[in-house]
Amino acid sequence: MTAKLDAIDMDAVVDTKARTGWQHDLYDLLRAHGVTQFGYVPDAGHSVLIDRSLADAGVRSIGLTTEEEGVALIAGADLGGARAVLLMQSSGVGNCINMLSLIKGARFPFLTLVSMRGDYGEGNPWQFPMGQATQSVLEAMGVICLRIDRPDDVVATTTAALTMVFKSGQAVAVLLGQKLIGAKPF
């Protein structure tokens, strides 16, 4: 029974009903900074953000078939005077590389929240290659990476990212480490 409890403790389990915890603070912060479009590929690490965006009448929540569509969504949102965020897992970063040239070349503000895999406590060997390359790949495309591993750093780091993106016009990825979101055993 102890081994089973240990596995449960490492899972990315979040309570989407309660309005407490860093995930809810993060959603409230994004909304307070005018983010009204949430592009996402389903992911347990972003489940609270996805669920809250789907339930929020003031938000357009867009399910994507691939992460690169989210890059275009963010560019389009900016052209239309809106603010958007792309929610993706580190394994989806590789799908975005070519499309990030749009962000870099046209100098669109870009914000993505990346739930990390291939990181602390990872149980799936297939997640390691892209998980380990995520930051280097993003930085090679001109995206500034800010990493969060502790709940206490979520608001301050994301506030810094929001300033960098929406006031300075930068491309920023906030990397949500597995120490923060929990490691998945699969």
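This section reports on the structure supplied with the text. All values derive from a computational prediction rather than experimental measurement.

### Concerning the environment of Leu138
Next, step 1: Here Leu138 lies in helix α7 (residues 128–140).
Next, step 2: Expressed as a C-alpha distance, the spacing of Leu138 and Ala171, which sit 33 residues apart in the sequence, is 9.6 Å.
Next, step 3: With sequence-adjacent residues up to four places away left out, Leu138 is seen in contact with Val93, Leu100, Val143, Cys145, Ala173 and Leu175.

### Notes on unusual backbone geometry
Next, step 1: With phi around 60°, Arg107 is a residue other than glycine that occupies positive phi space.
Next, step 2: Structurally, the position occupied by Arg107 is in the loop between α6 (100–106) and β4 (110–115).
Next, step 3: For Arg107, a relative accessible area of 71% gives the class exposed.

### Structural notes on helix α4 (residues 67–79)
Next, step 1: In a regular helix each residue adds 1.5 Å, so 13 residues correspond to 18 Å; α4 covers 19 Å between its end C-alpha atoms and thus fits that length.
Next, step 2: All of the buried residues along α4 are Glu67, Gly70, Val71, Leu73, Ile74, Ala75 and Ala77.
Next, step 3: The inward-facing, buried residues of α4 contact β1 (35–40), β2 (60–63), β3 (83–89), α5 (93–96), α6 and β4.
Next, step 4: Just downstream of α4, Gly81 is the residue with a positive phi angle, here 85°.

### Considerations on the packing of helix α2 (residues 22–32) against helix α8 (residues 154–166)
Next, step 1: Axis separation between α2 and α8 bottoms out at 10 Å; the angle between their running directions is 25°. By the criterion of interaxial angle, the relationship of α2 to α8 is roughly parallel. With respect to the hand of their crossing, α2 and α8 are arranged in right-handed fashion. On α8, the residues that touch Trp22, Asp25, Leu26, Leu29 and Leu30 of α2 are Val154, Val155, Thr158, Thr159 and Leu162.

### Points about the packing of aromatic side chains
Next, step 1: Here the structure, examined in full by the defined rule, presents one aromatic pair.
Next, step 2: Ring geometry for Tyr27 against Phe38: centres 5.2 Å apart, planes inclined by 25°, an arrangement best described as stacked. Of this pair, Tyr27 sits in helix α2 while Phe38 sits in strand β1, and the two are eleven residues apart along the sequence.

### Some words on the pairing of strand β6 (residues 171–176)
When a strand is regular, its side chains alternate between the sheet's two faces.
Next, step 1: In terms of burial, β6 is largely enclosed, as six of its six residues are buried.
Next, step 2: Of the two faces of β6, the one holding Ala171, Ala173 and Leu175 and the one holding Val172, Val174 and Leu176 are both buried throughout.
Next, step 3: Relative to β6, β4 is paired through six bridges, and the arrangement is parallel. Each bridged residue has a counterpart across the sheet, and for Phe110 the counterpart in β6 is Ala171.
Next, step 4: This β-α-β element, strand β5 (residues 144–148) to α8 to β6, shows right-handed connectivity.

The rules behind the values
Residues numbered from 1 in each chain as written. Predicted model: local features only at pLDDT ≥ 70, side-chain atom pairs only at ≥ 80, totals over all residues. Heavy atoms only, no water. Helix = DSSP H or I, 4+ residues; strand = E, 2+ residues; numbered from the N terminus. Contact = heavy atoms within 4.5 Å. Buried < 20%, exposed > 50% of the residue type's maximum accessible area, 1.4 Å probe, protein only. Expected span 1.5 Å × (residues − 1). Axes fitted to C-alpha atoms, helices over the stretch in contact; angles between N-to-C directions. Parallel < 35°, antiparallel > 145°, perpendicular 65-115°, else oblique. Left-handed = near helix turned anticlockwise from the far one by under 90°. Phe/Tyr/Trp six-rings, centres within 6.5 Å; stacked < 30°, edge-to-face > 60°. Pairing = 2+ DSSP bridges. Right-handed = clockwise from strand over helix to strand, strands pointing away.

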